[in-house]
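What the coordinates show
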Amino acid sequence: MHLQILLPKQSTVIFVVSTTGQGDAPYSMKGFWKFLLRRNISSHWLDGVQYAVFGLGDSGYQKYNFVAKKLDKRLADVGGIRIIERGLGDDQHPSVYEGALDPWMASLWTVLNQRNNTLFPNGSDSVTPLMKLMYQPKVRILYIGDCKPNEQSSGMESKTLQIGSARLMHPGIFAHDKDRPQCWLKMVRNCLLTRAGCGKDVHHLEFEFQGSAIAYDVGDVLEILPAQNPANVDAFIHRCNFDPEALIMRRHFSVFIEARSVESRETKNCATDCAYRAPIRLKRFVELTMDVGSASPRRFFFEVMSFYATAEHEKERLQYFASVEGRDDLYQYNQKERRTVLEVLEDFPSVQMPFEWLVQLVPPLKTRAFSISSSPSAHHNQVHLTVNVASWETPFKRKRTGLCSQWLAGLDPEQGVHIPVWFQKGSLPPPDPTRPLILVGPGTGCAPFRGFIAERAVQSEQGPTAPILFFFGCRNEDVFLYKEFWTSHSKDTGLLSENKGGGFYVALSRAQPQKVYVQHKMKEQSQRIWDLLNQGAAIYVAGSSNKMPSDVMSAFEEIISKEAGVSRESAVRWLKSLEKAGNYCVEAWS
């Protein structure tokens, strides 16, 4: 029975929703949200239904917790009774979403108890004993035998099946179309775009399709499943005393495991399971699904660890970390230092957690998304990426790097490495060649626009195309990405040349005493921007989600207000109408 049928029959419903992309609903919610927006839904549809909403978001993005806010309003519009103000979890908070979740949940339990004291017979402060929870992991391990892993060959098909099997087994929520890779890419070029030693490590990567090519558009996004450091995987398995050669597989909602030293008691259904999906080695499962060497665990990980700690001082410290009182210290130890699951386990050597709990609590290995910087028309059978190697230093001077970016940057094309990928639509739809464009892409935000301009260059050979203004920004010449590409299109009759009605404007923020950013260059070209907007130009903005998107939006508001002679409020409304029409597009990342 669908949620839309069940919902009006409930007395109380708690919604926990995330915001993805640029204010988009998560995949699992799209069908429900589409239904909820139907005009024929009565304003009394949810009469008598109590509800509460908690959002998971990131205040670094312009549309912070946009979905939670929209859902909260819509539920009230169709008759729902809000029993508590919506809570907004923020990934930018020192304790991430838990900083807002703890007080929100305390208030929620109090309100629910006041409305129905049978829900908490012992009061809203009563807590389910931890002992009882320890026997309720989402994953259950049973032993099986006589199954053979899908390791007959090392080809792409076998690897695809392994990835699909492992990701389907994991209790973490993966989108239904994200289990098996869409295709495999082979790296053919890896070159450094920035000057060595300048403090920025940005690479241009080129890949070729292996087998059939996937059709993609400029503005699309490539998702990559990164490879973990083998040493980290081995250390994790050794630390937990697991058998790396053990076979695991899933039947219904359970995971089954074969230990060669233990006689199986649950083999009668093995043939059926084998026909459905071959098992996979435990080590391979960890490699493909459990982020043991880069992601930090959540607070509940420490709570479960405390139950399995045999050393009293470790147990006390873990219980403190898991408490509300210890939240700030946990932040200093865990999140701020970006300690990994492996490092946390090594810090508490008396803890021996069952495989069931680790499968459930270790953060899932996620795909990483990159804006495609190539054009399918100009770069046949290829996909290009512009990858900045994320690196930073923790307060205790420990060096950290991004898992996927570091791995990609370190690959040697001569080794013939094949990479599992998925193609997704991004937030930058491919523009019509006859529509003028105003592009703003500082730093690696220029990546998708390299594809845009390469695509329009091909289109210009086949017919007339509209002009493009491109505003690029970087610190100095050391990090001037794709300089030759942009300048070549700025000369003579290139797409960005004034002869073609275009323009290329660079803000070198650290090349002079006073910092200059893309918004300053935009204001210098105020008249040209306004002229193109009057010709129906679309605006595309890409880059860091920090302050840049809002600063750029503010610059556009100022330009429109000045050139059109209207109030700032009118300029804001004008840009909102542009956005609603799909002609103001932003792709930002943190």
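The structure this text deals with has already been given above.
The paragraphs below set out a description of the structure included in this document. (Residues numbered from 1 in each chain as written. Predicted model: local features only at pLDDT ≥ 70, side-chain atom pairs only at ≥ 80, totals over all residues. Heavy atoms only, no water.)

Along the protein chain, the regular secondary structure elements total 21 helices and 21 strands. The buried share among the 590 residues of the protein chain stands at 51%. Long-range contacts, defined here as pairs at least 24 residues apart, represent 76% of the contacts in the protein chain between residues at least 6 apart. For the protein chain, the accessible area works out to roughly 28800 Å², and carbon and sulfur atoms hold 49% of it. (Helix = DSSP H or I, 4+ residues; strand = E, 2+ residues; numbered from the N terminus. Buried < 20%, exposed > 50% of the residue type's maximum accessible area, 1.4 Å probe, protein only. Contact = heavy atoms within 4.5 Å. Areas by Shrake-Rupley, 256 points an atom, 1.4 Å probe, with all protein chains shown as cover.)

Okay, the nonpolar core next. Ranked by size, the top nonpolar core spans 45 residues in total, and within it Phe236, Phe301, Met353 and Leu358 carry the most contacts. Breaking this core down by element, the ones donating at least two residues are α6 (156-169), α7 (230-239), α9 (282-289), α10 (299-308), α11 (312-322), α12 (327-335), α13 (341-347) and α14 (355-361). Beyond its immediate sequence surroundings of up to four residues, Phe236 is in contact with Val286, Met290, Val292, Val341, Leu342, Leu345 and Leu358. Ranked by size, the runner-up nonpolar core spans 29 residues in total, among them Val202, Leu428, Phe470 and Tyr540. (Core = buried A, V, L, I, M, F, W, Y, C linked by side-chain atoms within 4.5 Å.)

A word on α11. What α11 keeps buried is the set Glu314, Lys315, Leu318, Phe321 and Ala322. In an axial view of α11, the angular spread of the buried residues amounts to 130 degrees, which keeps them on one side of the axis. In this fold, the buried residues of α11 make contact with α10 and α12. (Arc of directions from axis to C-beta.)

Quick look at the sheet that holds strand β17 (residues 437-440) now. Pairing within the open sheet is parallel, and its five strands lie in the order β19-β18-β17-β20-β21. Looking along the sheet, the strands with just one partner apiece sit at the ends: β19 (503-508) and β21 (584-589). Each strand of the sheet is rotated relative to its neighbour by a mean of 10 degrees, with strand direction disregarded. The pairing of strand β18 (residues 468-474) with β19 spans six bridges and is parallel. Bridge pairing in β19 places Phe472 opposite Val506. Where helix α20 (residues 548-564) meets the sheet, it contacts β17, β20 (538-544) and β21, and its direction lies at approximately 150 degrees from that of β20. (Pairing = 2+ DSSP bridges. Axes fitted to C-alpha atoms, helices over the stretch in contact; angles between N-to-C directions.)

For the rest of this paragraph, the subject is a positive patch on the surface. Positive charge collects at one region of the surface, where Lys200, Arg475, Arg510 and Lys515 lie side by side. If you trace the backbone, Arg510 turns up in the loop between β19 and α18 (518-524). For Arg510, a relative accessible area of 42% corresponds to the partly exposed category. (Patch = residues over 30% accessible without salt bridge, like charges linked within 9 Å, V, L, I, M, F, W, Y side chains within 5 Å. Salt bridge = Lys/Arg side-chain N within 4 Å of Asp/Glu carboxyl O. Lys, Arg positive; Asp, Glu negative; His and termini not counted. Charge placed at Lys NZ, Arg CZ, Asp CG, Glu CD.)

Turning next to unusual backbone geometry. Positive phi, close to 65 degrees, is recorded for Lys397, a residue that is not glycine. Here Lys397 lies in the loop between β14 (391-393) and β15 (399-401). One non-glycine residue, Asp492, adopts positive backbone phi at about 50 degrees. Looking at the secondary structure, you find Asp492 in the loop between α17 (483-490) and β19.

Right, let's get into the sheet that holds strand β16 (residues 418-424). An order of β12-β8-β16-β6-β7-β13 is seen for the six strands of this open sheet, with the pairing classed as antiparallel. Since the sheet does not close on itself, it has two edges, and those belong to β12 (368-371) and β13 (382-388), each with one partner. Adjacent strand axes in the sheet meet at a mean angle of 40 degrees, parallel and antiparallel pairs treated alike. Here strand β8 (residues 221-224) pairs with β12 via four bridges, running antiparallel. Bridging across to β12, Val221 finds its partner in Ser371. Contacts between α6 and the sheet are confined to β6 (183-192) and β16, with β6 contributing the most and set at about 100 degrees to the helix.

We now examine the packing of aromatic side chains. According to the stated counting rule, one finds 29 aromatic pairs in the structure shown. Judged by centre distance (6.4 Å) and plane angle (90 degrees), the ring pair of Tyr482 and Trp486 falls under edge-to-face. Take Tyr482 and Trp486: they sit in the same class, and that class is buried. One aromatic cluster is present, formed by Phe449, Phe452, Phe470, Phe472, Phe480, Tyr482, Phe485, Trp486, Phe504 and Tyr540 through successive ring pairs. The ring of Phe66 has Lys63 sitting right over it, with the charged end atom 5.1 Å from the ring centre. (Phe/Tyr/Trp six-rings, centres within 6.5 Å; stacked < 30°, edge-to-face > 60°. Lys NZ or Arg CZ within 6 Å of the ring centre and 35° of its normal.)

What follows concerns the environment of Ile529. Its place among the elements puts Ile529 in helix α19 (residues 526-534). Given a relative accessible area of 0%, Ile529 falls into the buried group. A C-alpha to C-alpha distance of 8.8 Å links Ile529 and Ile560, two positions 31 residues apart in sequence. Leaving out residues up to four positions away in the same chain, Ile529 has contacts with Ile438, Leu469, Phe471, Met522, Phe556 and Ile559.

Taken as a whole and assessed by the stated rule, the structure comprises 25 salt bridges. The salt bridge partner of Arg82 is Asp72, with a shortest N-O separation of 2.9 Å. Placement of the pair is Arg82 in strand β3 (residues 81-82) and Asp72 in helix α3 (residues 66-77), with a sequence separation of ten residues. Of the residues examined, Asp72 reaches a relative accessible area of 2% and is grouped as buried. Across the pair Arg195 and Asp478 runs a salt bridge, and its minimum N-O distance is 3.0 Å. Here Asp478 lies in the loop between β18 and α17 and Arg195 lies in the loop between β6 and β7 (202-210), a separation of 283 residues in the sequence. Residues joined by salt bridges that share partners form a network here, namely Glu98, Asp102, Arg299 and Arg327.

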